[in-house]
Structure formats: structure tokens, C-alpha cells
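# Residue-level structure breakdown
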Amino acid sequence: MAEQPLHEHTLGNGLRVVVCEDHVVPLAAVNIWYGVGSRHERAGRTGLAHLFEHLMFQGSANVAEGEHAALLESAGATFNASTSFERTNYYETVPVSHLDLALWLEADRMGTLPAALTQANLDNQRDVVKNERRQRYDNQPYGTAFERLCALTFPDGHPYAHTPIGSMEDLDATTLEDCADFFGTWYAPGNAVLSIVGDVDPEATLAAVERYFGGLPTGPQAPPARPGDLGPLAAIKAEAVDEEVPSPAYFAMFPLPADGGAEIEAAELAVEILGGGSGSRLYDRMVRRDQIATEVWAGVTRLAGGPSLAIVDAIGPDPDKIAEVLDEELARFATAGPDADETARATAQAERGFLEQTETVTGLANALSQNATQFGDPARVFTAPGRAAAVTADEIKEMAGRWLSPGARSVLTYGGSAS
């Protein structure tokens, strides 16, 4: 995708706005990133960022409970929200004729959500989140693996040691006062980026944003997030999980460089070559040749405020053998690095990932919000393929040797010893 012209503006209250024209279809994507996620939560109140993702749909001063979704559905919109370690995201894609409706709804809840915060709403949405935790994590085979790996990888009190879903105990302890304080601290215009992509006129769109959001109070400056630095692990930190699961399994986590620099580009390509699908080294060795696993996968979660994370998942009858072979392949990769074909395939995969991310107005709006929020430059999204293509085989080898070395990872084993 060629770089598209962006129209950027910051309102007097601090809200950053990015508008991008795309006249292929008569749609408009509205996307807001708030700079708050689970890494900003305090001890004893984990899960608040994700709980707010749900509370923000429960009404505001001029929108009754349930009306936010009903109005968007009646307009033919698609909409949702998500929470991660570093941000909370709200988004809707509407027929361009209903852009004003989407902007008004987002502005009303940004400015007036506390007017609709009631104990009944809190109790209801807390139960929804707790049920989500049961269904997606606690009662799913291997469902708590990522949460357990984060707790193993990061020291107690580290901002990434707990995941966005939060704990049942902390959710139960959350009060209305906690919610009001959390909203007042983090949901200010100056802690948000609004991106709009679609069949729009930039000048008219910026005027509409000013009309709906310009009168909102600036609010307090968001406090700085706690530092999240963590280098490569020095040893294996292992835990054997005693749960009933369909098959023994092996899960590993490796810290990687933070997103935003050249190192993460090389590290992610290294992970792709090692475990990114059926053409990867680990799949070829574990599934095809040695037949010690029925499936194996590796991928990267990029994080900007702390280490990115590489995950390796392998399902097979002998987790200890999987660990042994993983060490062999990591050592071989660190010594010899990738060949030219592997490097080319990984780079092509990175480009494909970028195209898949930005091929729709919805995806591009999200990518613009991400790059504006985390790196201060929404146009950075368009340089992603070039950053991956610039990485050399030697740089991939160096990154693998430093960050993906044998004997330095967090490990969960299901049905095997902790090793």
C-alpha cells in the first residue's frame, strides 16, 4: 500500500485527530485509542481497564443504557472494543451518512460517562467480565497459559506481570469510586487519539470533530506509566501445570526488544522463521521429521512500553522431548542464522501481515491510532514493509542469539516435568 495523505489536528483540549481519505466504498471508520491498559492498573485493582471496555457501552449523560449499541445497529454499523496491556480501543465502521452519529456517541461517553455509572451497571458488567474469564480462560484447555507465563516472566509488581482480564478477587473488590477515579484519570481527551478513515472530506470531518469533541474539558494529564524494562532472561523459569487437558503440551515465553526500534523487526523475523506456520523450522523438525508434536506455533506480541513477547506453543505427548528439541533448534539458529530463502519468506510474511492489517478502512484506522498513540507518528504505519525488508540475515542471527538463546525462557508444561 502506498502512503496515503493524512490530515492531522490537535484540539484545544488535547485530543489528537487523524483523518485519511479512502473513497473506494461509502464507509467511515471511527477509531479511538485511549492510552490506558492493564499496565496502568494499580495493585489490587487489576482488570479495571478491561471492565471499562464494557462499562463504556452502558450509557452516558445523553445516551440511555443499551442505546449506544441500538443506535449503531440501526445505522448498519459494525462496532466493538478491545483492551490490551497498553491501550483500550473503541471503534465503529458506519455508512458515511452516519458519521456524525458515531462521533456524537463517542464524544458523549468520553465526556459524560460518569453520569451513567450506577451500582447496577457496575454489578452487571462485572458479572459479564467474570463470566468471560471463566469461558475464555479458566474453563478452556490451556486457557490460562499466557497469564501464567506473564506471571513467570515478569517479577512481582511489574506492570506486565498481570494480563488485562484481571483477577476474580480484584474484580469483586472494585467499587464505583474506583471506576470514577479510573475514568477521571485516564479517559481525558489529551490521553486519546481519534482516527477517521473512509469516504470523507477532511475539512468537513475535522469541523465535525471540533463540533462534538471541542467542548469537552481537557481533564488532568495522565500520570506516567511505571517502567516496564526487562532484558533477556538468564535461565529457565518453569512451572508444571496440573490440569486436565486433552493432550500434554509445552508453552514457552521469551522477552524481546520493545516495539519501535530496529531490533524488534529482526527479532520478529527470527520468530517467524523458527515457528511461524507449517513452513517453519520447528514445525518441520517436531511435526514432520521427529513426530514429537501434533502442532507447533510461534508468534510475537509487540509491546511499546516494555519487552515484546515471543510465544512458542507445542502440543505433543512428551513435553520434555519438545523442550530438548527446541533447545537444539535455537542453538542451531543462533549459530548459523537463517538462509536467504528463509529471510525472503519471513520478509514476505511481514509485508502480507501489513497488507492484511490495513486493507480495510477499519484496519487502517486502527493502525493509524496505534502509531499515533505509541510512537507519535500515525504515518509510521506505511513504513512497516520497508522496515522489515531492511533487516539482514546477520541481524536476524544476532537477535536470535541474544533473545532466543537456549536455556533462557519461561516455561509451562502440561503433563510433563517443569523444564
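Moving on: the sheet that holds strand β11 (residues 410-414). Sheet architecture is open: 5 strands sit in the order β7-β11-β8-β10-β9, paired in mixed fashion. Each of the sheet's edge strands pairs with one partner strand only, and the pair in question is β7 (237-241) and β9 (295-301). For this sheet, the mean inter-axis angle between neighbouring strands, taken without regard to orientation, is 15°. Bridge count for β7 against β11 is 5 bridges, and the pairing is parallel. Pairing of Val-241 across the sheet is with Tyr-414, part of β11. Packed onto the sheet, helix α5 (residues 145-153) meets β7, β8 (249-256), β10 (308-315) and β11 and runs at close to 140° relative to β11. Along the sheet, helix α11 (residues 319-336) contacts β8, β10 and β11; its crossing angle with β8, the most-contacted strand, is approximately 35°.

This paragraph deals with the sheet that holds strand β4 (residues 78-83). Strand order in the open sheet made by the 6 strands is β1-β2-β6-β3-β5-β4, with mixed pairing throughout. Two strands in the sheet have a free side with no partner beyond their single neighbour: β1 (6-10) and β4. Neighbour-to-neighbour, the strand axes of the sheet open up by a mean angle of 15°, direction not taken into account. Pairing of β1 with strand β2 (residues 16-21) involves 5 bridges; the strand directions are antiparallel. From the neighbouring strand, His-7 faces β2, where its bridge partner is Val-19.

Here we come to the pairing of β11. Most of β11 sits inside the fold, with 5 of its 5 residues counted as buried. Taking every second residue as pointing to the same face, both faces of β11 are buried, with Ser-410, Leu-412 and Tyr-414 on one and Val-411 and Thr-413 on the other. Two strands pair when backbone bridges link them, and β8 and β11 are joined in this way by 5 bridges, in the antiparallel orientation. Residue Met-253 lies in a different strand from β11, and its bridge partner there is Ser-410.

Rules and cut-offs
- Residues numbered from 1 in each chain as written.
- Predicted model: local features only at pLDDT ≥ 70, side-chain atom pairs only at ≥ 80, totals over all residues.
- Heavy atoms only, no water.
- Pairing = 2+ DSSP bridges.
- Helix = DSSP H or I, 4+ residues; strand = E, 2+ residues; numbered from the N terminus.
- Axes fitted to C-alpha atoms, helices over the stretch in contact; angles between N-to-C directions.
- Contact = heavy atoms within 4.5 Å.
- Buried < 20%, exposed > 50% of the residue type's maximum accessible area, 1.4 Å probe, protein only.

By themselves, these figures tell us nothing about what the structure is for.
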